[in-house]
Amino acid sequence: MNNSTPKIRYWSYLEEYAAHRDDYLRAVDAVFSSGRLILGQQVASFEEHFAAYCGVPSAVGVNSCTDALFLALKALDIGPGDEVVTVANTAVPTVAAIRATGATPVFVDVEADTFLMDVVQLDGVLSRRTRCILPVHLFGQMVDMQPLLEFATRYGLSVVEDCAQACGATYNGCRAGSLGDAGAFSFYPTKVLGTFGDGGAVTTSRPDIARRLKRLRMYGMESAYYAEEEGYNSRLDEVQAALLNLKLPGLDASIALRRRIADIYNDGLTGIDGLALPVVRAGRSHQQYLYTIRTERRDELMNFMAVQGIETKVNYPDPIHLMRAYHFMGYVPGTLPVTERLAETILSLPMYPELPLDQAAEVVSAVRRFSLQ
Ligand SMILES: Cc1ncc(COP(=O)(O)O)c(C=O)c1O
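Attention here is on the structure that accompanies the text. All figures in this text were calculated on a predicted structure; none of them were measured in a lab. (Residues numbered from 1 in each chain as written. Predicted model: local features only at pLDDT ≥ 70, side-chain atom pairs only at ≥ 80, totals over all residues. Heavy atoms only, no water.)

**Looking at the site of the ligand**
Alright, step 1. In the vicinity of the ligand lie 14 residues, with Cys 65, Thr 66, Asp 162, Gln 165 and Ser 186 positioned nearest.
Alright, step 2. Between Thr 66 and the ligand, the recorded distance is 2.5 Å, taken from a side-chain N or O atom to an oxygen atom.
Alright, step 3. Within the side chain of Lys 191, a nitrogen or oxygen atom sits 3.0 Å from an oxygen atom of the ligand.
Alright, step 4. If you map the ligand onto the pockets, it falls in the largest pocket.
Alright, step 5. Counting residues per element, the ones that place at least two in the shell around the ligand are helix 3 (65-75) and helix 4 (92-100). (Near = heavy atom within 4 Å. Polar contact = N/O pair within 3.5 Å; in protein donor to acceptor, adjacent residues only side chain to side chain. 1 Å grid on protein atoms, 1.4 Å probe; cavity = no way out; pocket = protein on both sides within 12 Å on 5 of 7 lines; lining within 4 Å. Sits in = over half its atoms within 2 Å of the grid points. Helix = DSSP H or I, 4+ residues; strand = E, 2+ residues; numbered from the N terminus.)

**Focus: the environment of Ala 256**
Alright, step 1. Within the secondary structure, Ala 256 sits in helix 9 (residues 251-269).
Alright, step 2. What makes Ala 256 partly exposed here is its relative accessible area of 41%.
Alright, step 3. Sequence separation between Ala 256 and Thr 5 is 251 residues; the distance between their C-alpha atoms is 28 Å. (Buried < 20%, exposed > 50% of the residue type's maximum accessible area, 1.4 Å probe, protein only.)

**Some points on the pairing of strand 2 (residues 83-87)**
Alright, step 1. Of all five residues in strand 2, five are buried, a share of seventy percent or more.
Alright, step 2. Side-chain alternation along strand 2 places Glu 83, Val 85 and Val 87 on one buried face and Val 84 and Thr 86 on a second face that is also buried.
Alright, step 3. Two strands pair when backbone bridges link them, and strand 2 and strand 3 (residues 104-108) are joined in this way by five bridges, in the parallel orientation. By the bridge assignment, Val 85 is partnered in strand 3 with Val 106.
Alright, step 4. As a crossover connection, the stretch from strand 2 through helix 4 into strand 3 is right-handed.
Alright, step 5. One ladder, built from three bridges, connects strand 2 with strand 4 (residues 130-133); its direction is parallel. In the sheet register, Glu 83 faces strand 4, and the bridge partner there is Thr 130. (Pairing = 2+ DSSP bridges. Right-handed = clockwise from strand over helix to strand, strands pointing away.)

**Things to note about the pattern of salt bridges**
Alright, step 1. Counted according to the given criterion, the structure contains 22 salt bridges.
Alright, step 2. In this structure, Asp 82 engages Arg 131 in a salt bridge whose closest nitrogen and oxygen atoms are separated by 3.1 Å. Residue Asp 82 is found in the loop between helix 3 and strand 2, and its partner Arg 131 is found in strand 4; the two are separated by 49 residues along the sequence.
Alright, step 3. Overall, Asp 82 belongs to the buried group, its relative accessible area being 13%.
Alright, step 4. Between Arg 212 and Glu 229 there is a salt bridge, and its shortest N-O distance comes to 2.8 Å. In this pair, Arg 212 is assigned in helix 7 (residues 207-216) and Glu 229 in the loop between strand 11 (226-227) and helix 8 (238-247), connecting sequence segments 17 residues apart. Across the pair, exposure class does not vary: Arg 212 and Glu 229 are buried alike.
Alright, step 5. Among the charged side chains, a network of salt bridges with common partners joins Asp 77, Arg 211, Arg 212, Arg 215, Glu 222 and Glu 229. (Salt bridge = Lys/Arg side-chain N within 4 Å of Asp/Glu carboxyl O.)

**Observations regarding unusual backbone geometry**
Alright, step 1. Put simply, Asn 315 and Tyr 316 share a cis peptide bond, and its omega is 15 degrees.
Alright, step 2. Along the chain, the position of Tyr 316 falls in the loop between helix 10 (298-307) and helix 11 (337-345).
Alright, step 3. With a phi angle near 45 degrees, Asn 172 is a residue other than glycine that sits in the positive phi range.
Alright, step 4. Structurally, Asn 172 is set in the loop between strand 6 (170-171) and strand 7 (174-175).
Alright, step 5. Asn 172 sits in the partly exposed class, given a relative accessible area of 48%.
Alright, step 6. The backbone of Tyr 219 sits at a positive phi, close to 60 degrees, despite the residue not being glycine.
Alright, step 7. In this structure, Tyr 219 sits in the loop between helix 7 and strand 10 (221-223).
Alright, step 8. Take Tyr 219: its relative accessible area is 35%, and that puts it in the partly exposed class.

**Some points on helix 12 (residues 357-371)**
Alright, step 1. Taking 1.5 Å as the rise per residue, helix 12 with 15 residues should run 21 Å; its terminal C-alpha atoms sit 21 Å apart, in good agreement.
Alright, step 2. Restricting attention to buried positions, one finds in helix 12 the residues Gln 359, Ala 360, Val 363, Val 364, Ala 366, Val 367 and Phe 370. Projected down its long axis, helix 12 carries its buried residues within an arc of 160 degrees, all on one side.
Alright, step 3. Buried residues along helix 12 sit in contact with helix 9, strand 12 (275-276), helix 10 and strand 15 (346-349). (Expected span 1.5 Å × (residues − 1). Arc of directions from axis to C-beta. Contact = heavy atoms within 4.5 Å.)

**A short note on the environment of Leu 71**
Alright, step 1. Position of Leu 71 among the secondary structure elements: in helix 3.
Alright, step 2. Taking the C-alpha atoms as reference points, Leu 71 and Arg 212, 141 residues apart in sequence, are found 9.0 Å from one another.
Alright, step 3. If we ignore the near neighbours within four places in the chain, the residues touching Leu 71 are Val 62, Leu 213, Leu 216, Arg 217, Tyr 232 and Ser 234.

**Remarks on the packing of aromatic side chains**
Alright, step 1. In the structure shown here, the tally under the stated rule is 16 aromatic pairs.
Alright, step 2. Seen from their ring centres, Phe 115 and Phe 139 are 5.2 Å apart, and the 65 degrees between their planes marks the pair as edge-to-face. Placement of the pair is Phe 115 in the loop between strand 3 and helix 5 (122-125) and Phe 139 in the loop between strand 4 and helix 6 (145-155), with a sequence separation of 24 residues.
Alright, step 3. The side chain of Arg 175 reaches across the aromatic face of Tyr 53, ending 3.9 Å from its centre. (Phe/Tyr/Trp six-rings, centres within 6.5 Å; stacked < 30°, edge-to-face > 60°. Lys NZ or Arg CZ within 6 Å of the ring centre and 35° of its normal.)

What follows is the structure in structure tokens.
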């Protein structure tokens, strides 16, 4: 393994920062000079425009997507004794947020070609305690929401969408975060709409949830110094909101740049023996947060790329149900065979909007050279 700085980085914000530095610094200065640093005009404006972008009446800015998931579940009164059905093929915070409410995550397996929740399996895990389904729109593509929503309606379950990786993705023309009771978003720097620190939001079409979230994020208060219920501190701050306000209008253009890179990968990597490319289902638009391939020779390929100076990553190398932190839940190897297999075979290639196209072409030719060995 080559540990020096890669020639082709997996992700970087530095090119984008260099291009817009003056605008960002002006926006930060405007907030610092405004006299209002928390829950001011920038957050209110971002909430309005982000809700419009997602096609919902309300968005509530919070500190992170982990908090967005946690607070959305709290706003739905989910807690100890309840079961929330989700996947283990996700980032740890999906599961951590469920556990933080005191509820129990229950895992279903995923589809091998899309990496997404296999909604056909929902029936098999339904119990008297099931209260909520939490689909994760992983890597930039949405879960098959129509059958999922039909299932939820049939059994009176809530739906919280984990949209951390899917801002801007659509399903039959509907944006991520517009189909469930609530959608949870991350503005962590690597994300498709990323800021310069932590940030998150909950989208919802339900006024009762929007209202509840606004007080849960602010110590349970609706007016100063009086708690209506036990709450938390989880606010999107004015500086991050100002930066997000600058970035939101360019979101679709930056997704288009990601898609151009995905096209180069798709064109260049199609037809290689032993290599499976990501699949996008009909009726869904993928915003290419990640571009993830599958191969039995994953570790070898990853090492080969590193020697060529090309950084790649495995999202994710360890399925959550088998991690030490979650041993107490009693899952054993073999419980989620597709998830476990993916952990051994997936590899994400460099992907960010400013990745030079000649570097994307170099990634393709390196993978091709490897496949001839
Ligand atoms: C699928 C998923 N859910 C939740 C989160 C948590 O987001 P945040 O870092 O904003 O708390 C992440 C971030 O990595 C994620 O990828």
